[in-house]
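Spelled out from the first residue to the last, the chains are:
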Amino acid sequence: MTGVTRTPTHLTQGGTADAGIGASTLRPDGTLKVTGEFAYSSDLWHEDMLWGFTLRSTVAHAEIVSIDTSEALAQPGVYAVLTYDDLPTDVKNYGLEIQDTPVLAHGKVRHHGEPVALVAADHPETARRAAAKISIEYRELPLVTDEESATREGAPLVHENRTDHHAGHVPHPNIVHRQPIVRGDAEAAARRADVIVTGEYVFGMQDQAFLGPESGLAVPGEDGGVDLYVATQWLHSDLRQIAPVLGLPEEKVRMTLSGVGGAFGGREDLSMQIHACLLALRTGKPVKIVYNRFESFFGHVHRHPAKLWYEHGATKDGKLTHLKCRIVLDGGAYASASPAVVGNASSLSVGPYVVEDVDIEAIALYSNNPPCGAMRGFGAVQACFAYEAQMDKLAKKLGMDPVEFRQLNAMEQGTRLPTGQEVDSPAPVAELLRRVKAMPLPPENQWVTTEGADVRALPGGLSNTTHGEDVVRGVGYAVGIKNVGFSEGFDDYSTARVRMEVVGGEPVATVHTAMAEVGQGGVTVHAQIARTELGVEQVTIHPADTQVGSAGSTSASRQTYVTGGAVKNTCEHVREKVLELGRRKFGTHHPAWATAELVLEGGKVVTDGGEVLADLVDVLEGEAVDLELEWRHRPTEAFDLRTGQGNGHVQYSFAAHRAVVEVDTGLGLVKVIELACAQDVGKALNPLSVVGQIQGGTTQGLGVAVMEEIIVDPKTAKVRNPSFTDYLIPTILDTPTIPVDVLELADEHAPYGLRGIGEAPTLSSTPAVLAAIRNATGLELNRTPVRPEHLTGT
Amino acid sequence: MRVKFTVNGREQQADDVWEGESLLYVLRERMGLPGSKNACEQGECGSCTVRLDGVPVCSCLVAAGQAEGREVVTVEGLADFAEQRARRGGCATGACGTAAGTAAGTASSGTASGTSLDAARRRQAKPAGADGRTGEQAGLAPIQQAFIDAGAVQCGFCTPGLLVAADELLERNAQPSDADIREALSGNLCRCTGYEKILDAVRLAAARGDARTTGTGA
Ligand code: FES
Ligand code: FES
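Residues numbered from 1 in each chain as written. Chains lettered and ligands numbered in written order. Predicted model: local features only at pLDDT ≥ 70, side-chain atom pairs only at ≥ 80, totals over all residues. Heavy atoms only, no water.

## Focus: the overall build of chain A
Moving on, step 1. Scanning chain A from N- to C-terminus turns up 19 helices and 36 strands.
Moving on, step 2. Taken over the C-alpha trace, chain A has a radius of gyration of 27 Å; the compact-globule value for 794 residues is 28 Å, and the two agree within 12%.
Moving on, step 3. Principal-axis analysis of the C-alpha atoms gives chain A an extent of 80 × 75 × 65 Å.
Moving on, step 4. When the 794 residues of chain A are sorted by exposure, 66% land in the buried category.
Moving on, step 5. Taking contacts inside chain A between residues at least 6 apart in sequence as the whole, the part at least 24 apart equals 79%.
Moving on, step 6. Carbon and sulfur atoms make up 49% of the accessible area of chain A, which totals about 25,900 Å².
Moving on, step 7. The average position of the 67 basic charges and that of the 101 acidic charges among the side chains of chain A differ by 3 Å. (Helix = DSSP H or I, 4+ residues; strand = E, 2+ residues; numbered from the N terminus. Rg over C-alpha atoms; globule rule 2.2 N^0.38 Å. Buried < 20%, exposed > 50% of the residue type's maximum accessible area, 1.4 Å probe, protein only. Contact = heavy atoms within 4.5 Å. Areas by Shrake-Rupley, 256 points an atom, 1.4 Å probe, with all protein chains shown as cover. Lys, Arg positive; Asp, Glu negative; His and termini not counted. Charge placed at Lys NZ, Arg CZ, Asp CG, Glu CD.)

## Details of the sheet that holds strand 31 (residues 612–615) of chain A
Strand pairing within a sheet occurs via backbone hydrogen bonds; the two strands may be parallel or antiparallel.
Residue and element names in this part refer to chain A.
Moving on, step 1. Read from one edge to the other, the open sheet built from three strands follows the order 29-30-31, with strand pairing classed as antiparallel. The open sheet has two edge strands with one neighbour each: strand 29 (598–601) and strand 31. Adjacent strand axes in the sheet meet at a mean angle of 25 degrees, parallel and antiparallel pairs treated alike.
Moving on, step 2. Here strand 29 pairs with strand 30 (residues 604–607) via four bridges, running antiparallel. Along strand 30, the bridge assignment pairs Leu598 with Thr607.
Moving on, step 3. Sheet strands in contact with helix 14 (residues 559–586) are strand 29, strand 30 and strand 31, and its direction is about 105 degrees off that of strand 29. (Pairing = 2+ DSSP bridges. Axes fitted to C-alpha atoms, helices over the stretch in contact; angles between N-to-C directions.)

## A look at the nonpolar core
Moving on, step 1. In terms of nonpolar packing, the biggest core is built from 146 residues, with Met500 of chain A together with Ile143 and Phe147 of chain B touching the most fellow members.
Moving on, step 2. When near neighbours in sequence (up to four residues on either side) are disregarded, Met500 of chain A contacts Val508, Ala509, Leu534, Val536, Val574, Val578, Leu600, Leu616, Leu620, Glu623, Ala624 and Val625 of chain A. (Core = buried A, V, L, I, M, F, W, Y, C linked by side-chain atoms within 4.5 Å.)

## Considerations on the interface of chain B and chain A
Moving on, step 1. Listed by partner, the interface residues are 67 residues for chain B and 82 residues for chain A.
Moving on, step 2. Taken together, the two surfaces of chain B and chain A that pack against each other cover about 5,900 Å², and 55% of this comes from carbon and sulfur.
Moving on, step 3. Where chain B touches chain A, the interface holds four salt bridges.
Moving on, step 4. A salt bridge links Arg28 of chain B to Asp43 of chain A; the nearest nitrogen and oxygen atoms lie 2.9 Å apart.
Moving on, step 5. In this assembly, chain B and chain A are joined by 26 residue pairs in polar contact (both at pLDDT 80 or more). (Buried area = accessible area lost by both parts, 1.4 Å probe. Salt bridge = Lys/Arg side-chain N within 4 Å of Asp/Glu carboxyl O. Polar contact = N/O pair within 3.5 Å; in protein donor to acceptor, adjacent residues only side chain to side chain.)

## Description of the pairing of strand 20 (residues 320–330) of chain A
All names here are of chain A.
Moving on, step 1. Within strand 20, nine of the 11 residues are buried, which leaves it mostly tucked inside the rest of the structure.
Moving on, step 2. Bridging between strand 19 (residues 306–314) and strand 20 involves nine bridges; their strand directions are antiparallel. In the strand pairing of strand 20, Glu311 is matched with Lys324.
Moving on, step 3. The loop that links strand 19 with its antiparallel partner strand 20 comprises five residues; one of these, Gly318, has a positive phi angle of about 90 degrees.
Moving on, step 4. Relative to strand 21 (residues 357–365), strand 20 is paired through nine bridges, and the arrangement is parallel. Pairing of Leu329 across the sheet is with Ala364, part of strand 21.

## Describing the sheet that holds strand 11 (residues 135–140) of chain A
All names here are of chain A.
Moving on, step 1. Read across the open sheet, the three strands follow the order 9-5-11; overall the sheet is antiparallel. For this open sheet the edge positions go to strand 9 (108–109) and strand 11, each flanked by a neighbour on one side alone.
Moving on, step 2. Here strand 5 (residues 62–68) pairs with strand 9 via two bridges, running antiparallel. Bridge pairing links Ala62 to Val109 in strand 9.

## Remarks on the environment of Gly485 of chain A
Residue and element names in this part refer to chain A.
Moving on, step 1. The topology assignment puts Gly485 in the loop between strand 25 (471–484) and strand 26 (493–503).
Moving on, step 2. Take Gly485: its relative accessible area is 4%, and that puts it in the buried class.
Moving on, step 3. Sequence separation of Gly485 and His304 is 181 residues, and the distance between their C-alpha atoms is 19 Å.

## A closer look at the packing of aromatic side chains
Moving on, step 1. Throughout the structure, instances matching the rule amount to 14 aromatic pairs over all chains.
Moving on, step 2. Ring centres of Phe38 of chain A and Tyr40 of chain A lie 4.8 Å apart, and the angle between their planes is 70 degrees; on these two criteria the pair is classed as edge-to-face. Of the two residues examined, Phe38 of chain A and Tyr40 of chain A, each falls in the buried class.
Moving on, step 3. With a centroid separation of 6.1 Å and 40 degrees between ring planes, the pair formed by Trp51 of chain A and Tyr25 of chain B is classed as tilted. Here Tyr25 of chain B lies in helix 1 (residues 23–30) and Trp51 of chain A lies in strand 4 (residues 50–56), a pairing that spans two chains. As far as the burial class goes, Trp51 of chain A and Tyr25 of chain B line up, both buried.
Moving on, step 4. Following the ring pairs from residue to residue traces out a cluster consisting of Phe38 and Tyr40 of chain A together with Phe157 of chain B.
Moving on, step 5. Across from the ring centre of Tyr291 of chain A, 5.1 Å away, lies the NZ or CZ of Arg56 of chain A, which sits over that ring.
Moving on, step 6. Over the face of the ring belonging to Tyr752 of chain A we find Lys568 of chain A, whose NZ or CZ atom lies 5.0 Å from the ring centre. (Phe/Tyr/Trp six-rings, centres within 6.5 Å; stacked < 30°, edge-to-face > 60°. Lys NZ or Arg CZ within 6 Å of the ring centre and 35° of its normal.)

## Describing unusual backbone geometry
Backbone geometry follows two general trends: most residues other than glycine have a negative phi, and most peptide bonds adopt the trans configuration.
Moving on, step 1. That bond from Thr784 of chain A to Pro785 of chain A is cis: its omega, -15 degrees, falls within 30 degrees of zero.
Moving on, step 2. Positionally, Pro785 of chain A belongs in the loop between strand 36 (783–784) and helix 19 (788–792).

## Describing a negative patch on the surface
Moving on, step 1. Taken together, the side chains of Glu576, Glu580, Glu597 and Asp608 of chain A define an acidic patch exposed on the protein surface.
Moving on, step 2. Counting through the fold element by element, Glu580 of chain A comes out in helix 14. (Patch = residues over 30% accessible without salt bridge, like charges linked within 9 Å, V, L, I, M, F, W, Y side chains within 5 Å.)

## A look at the pattern of salt bridges
All names here are of chain A.
Moving on, step 1. Within this structure, the stated rule accounts for 65 salt bridges over all chains.
Moving on, step 2. Between Lys285 and Asp48 there is a salt bridge; the shortest N-O distance is 2.9 Å. Of the two residues, Lys285 sits in the loop between helix 7 (273–283) and strand 17 (287–290) while Asp48 sits in the loop between strand 3 (45–46) and strand 4, which places them 237 residues apart along the sequence.
Moving on, step 3. Using a relative accessible area of 53% as the deciding quantity, one classes Asp48 as exposed.
Moving on, step 4. Among the salt bridges present, the one from Asp164 reaches Arg162, with a minimum N-O distance of 2.8 Å. We note that Asp164, like Arg162, is buried.
Moving on, step 5. Because the salt bridges share partners, they merge into one network encompassing Arg27, Asp29, Lys33 and Glu517.

## Quick notes on the side chain of Glu662 of chain A
All names here are of chain A.
Moving on, step 1. Summarising the element assignment, Glu662 is placed in strand 33 (residues 651–664).
Moving on, step 2. A residue is classified by how much of its surface remains accessible, and Glu662, at 1% relative accessible area, is buried.
Moving on, step 3. Separated by 2.4 Å, the side chains of Glu662 and Gln446 make a polar contact.
Moving on, step 4. Engagement of the side chain of Glu662 in a polar contact is seen with the side chain of Arg473, the distance being 3.1 Å.
Moving on, step 5. In this structure, Glu662 is in contact with Asn445, Gln446, Trp447, Ala457, Pro459, Val471, Val472, Arg473, Leu669, Val670, Lys671 and Ile673, ignoring residues within four places of it in sequence.

## Considerations on the domain arrangement of chain B
It is common to report an interface's size as the accessible area lost on association of the parts.
Residues and elements named next belong to chain B.
Moving on, step 1. In terms of domains, chain B is made up of domain 1 (3–76) and domain 2 (78–95 + 134–215).
Moving on, step 2. Computed from C-alpha coordinates alone, the two centres of domain 1 and domain 2 are separated by 20 Å.
Moving on, step 3. Carbon and sulfur atoms supply 63% of the area that domain 1 and domain 2 bury against each other, a total of about 1,400 Å² over both sides.
Moving on, step 4. Three residues stand out in domain 1 for area buried against domain 2, namely Arg51, Val73 and Val75, and they jointly supply 40% of the buried area on that side.
Moving on, step 5. As a salt-bridge pair, Arg51 and Asp167 come within 3.8 Å of each other at their nearest N and O atoms.
Moving on, step 6. Inspection of the region where domain 1 meets domain 2 yields six residue pairs in polar contact (both at pLDDT 80 or more).
Moving on, step 7. Considering each element in turn, the side of domain 1 that touches domain 2 owes the most residues, three residues, to strand 3 (residues 49–52).
Moving on, step 8. When grouped by side-chain class, the residues that make up the side of domain 1 that touches domain 2 number six nonpolar, seven polar and four charged. (Domains from an automatic or database assignment. Nonpolar A, V, L, I, M, F, W, Y, C, P; charged D, E, K, R; others polar.)

## Quick look at the domain arrangement of chain A
Residue and element names in this part refer to chain A.
Moving on, step 1. Domain annotation of chain A identifies domain 1 (50–141 + 213–260 + 267–297) and domain 2 (493–632).
Moving on, step 2. For domain 1 and domain 2, the distance between their C-alpha centres works out to 40 Å.
Moving on, step 3. On the domain 2 side, the residues contacting the 13 residues of domain 1 number 17 residues.
Moving on, step 4. When domain 1 packs against domain 2, the two sides together hide about 1,100 Å² of surface, and 57% of this comes from carbon and sulfur.
Moving on, step 5. One can count zero salt bridges joining domain 1 with domain 2.
Moving on, step 6. Linking domain 1 to domain 2 there are six residue pairs in polar contact (both at pLDDT 80 or more).
Moving on, step 7. For the side of domain 1 that touches domain 2, the elements supplying multiple residues, two or more each, are helix 6 (235–246) and strand 16 (253–257).
Moving on, step 8. Ranked by the residues each element gives to the side of domain 1 that touches domain 2, the list is headed by strand 16, at five residues.
Moving on, step 9. Here the side of domain 1 that touches domain 2 is composed, by residue class, of seven nonpolar, four polar and two charged.

And the structure:
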């Protein structure tokens, strides 16, 4: 593109042969990122560009009586003001699975912060001020804010005329999706139980709080199409939703990934994509939209808050008898990923334990609360919080050690999930618990120094409010199971294009995929895979765009598995082509060309006996091998809608945590001293990144345990804390040391035996912290986050 | 209004600046220096941290006019800044007690590079050319090299602000304890890393011979 500066770039990285898989190769984009040169989506710039701004509803549920944009349009510097009436086609909604989300509100708004109008102007402040001059008259409607208000007689319907494929089997139109799982006979099994524990748990609404705000640049094309540079998790999913609304064929919406400042599920849904394109096409000028933090809290879906009712039984020798549970997830005003979150929450509601007899139900509500969808851990997080609290309760009631109790009931390879699906890869649950328990504990009273108390090491930190008088310590454990990849029969494929040629006298591989690099390090791993498979040192990573087939989403811990698998697979085919080329050129020189197993190594064609047959440079001289192939993992199937039975998942990932906390019982403050993790990663393709992912995931779990919650006023359904002043994420002072013990038990079905790793650590860290706080205080604590008033009883 | 100040050792000026524009906005959108990040624009996350006459500040909270006539160092200028500090024996700014802005003074007389406005506007991100295993690069400040080597960069959005803050810490305190590091970086949010590798990076930079050594990361 001419005129666009700071565009995404090719990343070329050399590396010796031992910079292949298994090495802690450094990021190819690291230098760009530390020098400030990396082009994030909010950094894009175009001569003559305009700034877009979104006007959002100030109420949660209302009829729109009128919108008057004339005053806004009359402002100097304003180029366009768009409302629902300006949408170019009949397609006015979008959505991941159910197309229920309006591009701009029409007729009514269903949640606080819903987009109503768009402005394009020559300065962001001009756009903001013009938007403030749009006058909208609302007639407020009654609210639906929880299960009671959503499903009672005569409840207002969030979506009046549902036609989606879940509408036929849900018990109420304000329920997006319902998944029961019934296996064995939970009633009969309950009668065998010597102890029964029940609990009601509440999981607060968490925000992804990625640091790079929603942003991007749309540039109108000369052919009537548009070029969109944007931070997203899945280019092709965006494209599928954007093109119909614009009334353009998909090939006229050319998407390129720009730098992504974190995602964690919050970029699975569209935010500003269509808005920027509409403004660009209307004005004929490039339009950039950058949300500020306030708007970002309205610009993406959050983690489903949940209420969970659990009943477990166990025999007196400590074996689980049964599980009955009911999980109610609040999906908010639009469906987003709610149906899939329901599938995960229900199918993983027993956790990594052997329980034969279950009676499970999970539902997601439509309400007038903020829309909820994907976030790291995706439905499994909420369940883990509840079942781990239950395990501690049971152990306590039986007088057993909580870790031993878990180990006694731990699933193993061959265990069946409540869906009837066999876990057919290593499931080292007991071993992970053993490992975290075996790690040395941090020293007691670590705040005590020779000069007195180092207040920085106390709960409350620098605020100097105590010198440790009321501080008690606790230790807690938790373990969890997360599925990897998209489940329930989804065609979860990826595409990779790999080109091999000689550049500057050296064999070079170029890897082109549409994978969204959101910080996880996929670009590093792709280069490592290409080096391993093709024996080259130089690998170039092509920017991700829609000129190559879909890579699927950077979510569900799937990208290294699926797009990594696609890169591996394409490299293998490229290797075959290179060898064919070699046979054609040099086959007559040595019989091994025809008889031996050949590999590419150190820039050469080598026999399995180590004999060098040719240099890749000579084989490739004057030719390039270039292939684009799709790759799929094993298929999965949908869960039965009545019984929940079905082989719904591809792979599982397991992590265990031990949390050590100090609680100031007088102040109601918690300091997490250490959060040790053991995780099975199958095969660590890049150990440095693996540990980084585990520590990052652990910290997000810590956040929801003690501080993170979007607070929605139950009376108005308005968000009360859309800022980093009021929505707290852990700082470096809140985050403890996170020792990590990585286990590598290969999954024979996966490329290199790897396991998706990104999400599992987010599951168990929250219940481990809660268990530790309970251990320190003796309090029941059944909700996240734990706040001071829960600890002091005030 | 017109605002003139020195950025990374070079005199810059911006015209038609609105009264309410932040220093962050002027750097990013008017001067073509997007390295300082816009993660919250509320003074809460530290992603926009720059040094203003040597002192780390959230540039989103500084009105552009307040920077008039002053010295700003952004992540884009960090390597030059660290190199000059090394040349002068470890003290480039007022933070160490010498006159503020001495490094920049030299720069504007033409001996240091600095980014011209025009060049910055046209700047395209450059491909990395590092050795994949050690990542060692010329032209990075020690703290930048340490962030790469320690794996402290994931999405990298917090990185520029953390680098500016960490570099200033090491300038003040070449051998910080973990508690010192945590205290100094407590105003910088990172959502990806869990901070452990960021601590590693600062420890690594300190161990490699403190902020007075620069250039090769050795
Ligand atoms: S952007 Fe300035 S502190 Fe967050
Ligand atoms: S916020 Fe992504 S690396 Fe720190």
